[in-house]
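# Geometric and topological summary
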Amino acid sequence: MTVVRKLVLAAVAAIALFAGTAKPAQAADACGLPTSGTTWVDFADGSVPFWYRFARPGIVAAASNFIYPPKLRAAGAKTVYFDLYMNSRVGTPAKPETEQEVVDWAHRIFYRAVASADCPRPWMALNELFGASTTTPWTANNAQYRHNIIVFAKTLRDLGARPFILISSKPYTQADAGDWWREAAHYASLVQEVYFTGRLIHRQGPVAGSRTLRTRFREAVRTFTDIGIPSKRVGIMVGFQASNRGTMPPIAWFEHVKLQALAAKQVARETRLGTVWSWGWQARNTAQADPDKEVGACVWLWTRSPRLCAGPEAAGPDFDSTLTQGQISLPGGVRCEVGGHPITYSSVHRLSRLIGDGGVAFSAAYSQAVLAGLVQVETVDVLAAERAIIRSRFRGSRAAYRAALARAGANQALARAVLADELRQQRMGRRFRAPNPTGQQITEYHENFSEQPARMVEVKPRAWWLGDRRKGLAIGSLAPPQIFDLPAGKKVKIRTADGVYSVTAQDDAMPLGAFPLGVARNAVVTGLKEISRRQLFERWFTKPLSDRLDDLRCADDQLPAIAVVDMTTFLPFLTL
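Rules behind the numbers
Residues numbered from 1 in each chain as written. Predicted model: local features only at pLDDT ≥ 70, side-chain atom pairs only at ≥ 80, totals over all residues. Heavy atoms only, no water. Pairing = 2+ DSSP bridges. Helix = DSSP H or I, 4+ residues; strand = E, 2+ residues; numbered from the N terminus. Contact = heavy atoms within 4.5 Å. Axes fitted to C-alpha atoms, helices over the stretch in contact; angles between N-to-C directions. Phe/Tyr/Trp six-rings, centres within 6.5 Å; stacked < 30°, edge-to-face > 60°. Buried < 20%, exposed > 50% of the residue type's maximum accessible area, 1.4 Å probe, protein only. Lys NZ or Arg CZ within 6 Å of the ring centre and 35° of its normal. Salt bridge = Lys/Arg side-chain N within 4 Å of Asp/Glu carboxyl O. Parallel < 35°, antiparallel > 145°, perpendicular 65-115°, else oblique. Nonpolar A, V, L, I, M, F, W, Y, C, P; charged D, E, K, R; others polar. Disulfide = S-S within 2.5 Å. Left-handed = near helix turned anticlockwise from the far one by under 90°.

This part is about the sheet that holds strand 10 (residues 341–344). In spatial order, the strands read 10-9-16; together these three strands make up an open sheet with antiparallel pairing. Sheet topology places strand 10 and strand 16 (553–554) at the edges, where each strand pairs with a single neighbour. For strand 9 (residues 334–338) and strand 10, the ladder comprises four bridges, and the chain directions are antiparallel. Note on strand 10: the bridge partner recorded for Glu337 is Pro342. This element, helix 12 (residues 345–355), spans strand 9 and strand 10 of the sheet and lies at about 60 degrees to strand 10.

Let us look at the packing of aromatic side chains. Overall, the coordinates contain 28 aromatic pairs when judged by the stated rule. Taken together, a centroid distance of 6.3 Å and an interplanar angle of 80 degrees make the contact between Phe240 and Trp253 edge-to-face. Of this pair, Phe240 sits in the loop between strand 7 (234–239) and helix 8 (242–245) while Trp253 sits in helix 9 (residues 250–271), and the two are 13 residues apart along the sequence. Accessibility assignment for this pair places Phe240 and Trp253 in one class, buried. Judged by centre distance (5.9 Å) and plane angle (70 degrees), the rings of Trp302 and Phe319 are edge-to-face. Of the two residues, Trp302 is situated in helix 10 (residues 293–304) and Phe319 in the loop between helix 11 (311–315) and strand 9; the sequence distance between them amounts to 17 residues. Across this residue pair, the class does not change: Trp302 and Phe319 are buried. Note that Arg89 overlies the ring of Trp105, its terminal NZ or CZ placed 4.6 Å from the centroid. The ring of Trp123 carries the charged tip of Arg162 above its face, separated from the ring centre by 4.5 Å.

On to the pattern of salt bridges, then. Two side chains that carry opposite charge are able to pair once their charged atoms sit near each other. Counted by the stated rule, this structure contains 21 salt bridges. With a closest N to O distance of 2.7 Å, Glu270 and Arg218 form a salt bridge. Here Glu270 is found in helix 9, whereas its partner Arg218 is found in helix 7 (residues 198–225), with 52 residues between them in sequence.

Below, the discussion takes up the environment of Pro69. Within the secondary structure, Pro69 sits in helix 2 (residues 68–74). A relative accessible area of 1% means that Pro69 is categorised as buried. Considered as a pair, Pro69 and Ile201 are 132 residues apart in the sequence and their alpha carbons are 34 Å apart. Once residues lying within four places of it in the same chain are set aside, the contact partners of Pro69 are Ala63, Thr79 and Ser116.

Another aspect to go through is the sheet that holds strand 3 (residues 78–83). Paired through backbone hydrogen bonds, the strands of a sheet run either parallel or antiparallel to each other. As summarised here, the arrangement of the eight strands in space is 1-2-3-4-5-6-7-8, forming a closed barrel in which the pairing is parallel. Adjacent strand axes in the sheet meet at a mean angle of 25 degrees, parallel and antiparallel pairs treated alike. Summarising the sheet, strand 1 (residues 39–43) and strand 2 (residues 60–63) pair through three bridges and their orientation is parallel. Counted as the bridge partner of Val41 is Val60 from strand 2.

Here the focus is the packing of helix 15 (residues 398–408) against helix 16 (residues 412–429). For the pair helix 15 and helix 16, the least separation of the axes is 10 Å and the interaxial angle reads 90 degrees. The orientation of helix 15 with respect to helix 16, classified from their angle, is roughly perpendicular. Counted together, Arg398, Tyr401, Arg402 and Leu405 of helix 15 and Gln412, Ala415, Arg416 and Leu419 of helix 16 form the full contact between these two elements. Looking at side-chain class alone, the contact of helix 15 with helix 16 contains four nonpolar, one polar and three charged residues.

This part is about the state of the cysteines. Inspection of the entire model under this criterion finds three disulfides. The residue that forms a disulfide with Cys298 is Cys309, at a sulfur-sulfur distance of 2.0 Å. Here Cys298 and Cys309 share a disulfide; its torsion about the S-S bond, -105 degrees, makes the bridge left-handed. Of this pair, Cys298 sits in helix 10 while Cys309 sits in the loop between helix 10 and helix 11, and the two are eleven residues apart along the sequence. Summarising the burial analysis for this pair, Cys298 and Cys309 share the class buried. Here the cysteine-cysteine linkages of the protein chain are recorded as 1-2, 3-4, 5-6, numbering only bonded cysteines and doing so in sequence order.

Moving on to the packing of helix 4 (residues 99–117) against helix 5 (residues 140–159). The N-to-C vectors of helix 4 and helix 5 enclose an angle of 35 degrees; their axes lie 9 Å apart at closest approach. Along this stretch, helix 4 crosses helix 5, giving a crossing that reads as right-handed. Facing helix 4, whose interface residues are Glu99, Val102, Val103, Trp105, Ala106, His107, Ile109, Phe110 and Tyr111, helix 5 presents Gln144, His147, Asn148, Val151, Phe152, Thr155, Leu156 and Leu159. Among the residues making up the contact of helix 4 with helix 5, the classes are represented as eleven nonpolar, five polar and one charged.

What follows is the structure in structure tokens.
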């Protein structure tokens, strides 16, 4: 069975399904077109070889002649008139027509649209405004051209039409230009063309690529809503021209079409957009021809509603028919998700209370989620680290520990998250090869940290805080704090964040400065290397933070800034 025959059979089945499961009809105008919600309009005149793909209930098709609109309507579609040559009616920025000529053209094209749409109040797409990005002050010719567009749209509206001005470039809306756009929106809806090079979006992957699509669509809408134009008077037009596909393989292209439809649906819901238009299905010449356009159109329609076309069947078995790929679909209370690790609104709020800055808190929460995906930490290790801190810094008083957390604006759950983060950073840091410290650095460390506790111990197994040895000088900045409370000469098992050790303290604890540098050298070198590893980790960690943005899904696509936030700056007593 050929692909075309499959598509035709699927079309028949889709029409039957639509008829059998139709939803309650929307409020409609004199032409049967929706008066509420977002209306999707697809270009489907005779230049589209598969125009019949759009000839079915549930579709609004745009065409510009008298032959195909009746055929489209006969099969159940609604139609709007598409004027491909507005420049022939109003002129160009360099050579505008006279106002009388514009009014005359408005009358002629209006009655042509009435006949084409078989409706006294037709929707009319006007293709297209030139020089939207031109800054003010305008030249006399450009000012006349812009005035002509206002006159053209106003005349059409006064005659009973609903005009839509298509815009091919990013509008300049500042100063006096803003007044012009607001006046234009009074007489016509404004439709911004937003086109993408498919290969560039595909290269970003479904998550980041979808985010790029949604962001561009939102920007197009905000350009107008930010200057006071209601979103219901704004539309976007997406394009599926052969030039936008380039050399993309069929399946990759169909995936791109699907992602564009999903992104447009998301932004339309968010912004209550007036219209979404599709363009580029035509094939007037060899450059516009694409043997996969019909399947692409079917995927486009199917993504909007499975009743409109059998997209997966047309695209083939290699097509990913899921509609959640790259989309913002987060459980309640979850602000972002990366690699299966959620970032909740409540966790960011807790961090914000501690840090005093919502943006930094968001960055810290993202950093924690990414690090959790890189290094596994067991709860038992976190609890061991917490007990050691309570013993060494709060004399074993959990109440004092909780009081200190409360004073800082934190709680025990947040503290344990910070400790888990500390352990992950510590373990990840040990994977880095630290340079050997200089003699001056060793001497300065011995002098600067001379007051911290130190004691000679034997351990089993080897401990990183003894420089991966079983015997040596343990110092307070590295060793588990309970080491310094053990009785001398007695073997004791202790649980630390790194596991269980058998420890024998050879003598009493004393300040580091009491030990000659020759005795303390290995311990000091270990301490300096640990500092160096932390610094290496922080420099390295910015890359995973940046890379994982491609997999990060956040509500409204609001992403955190990349930053390595040291939470012990705000809770110094949790430093390991």
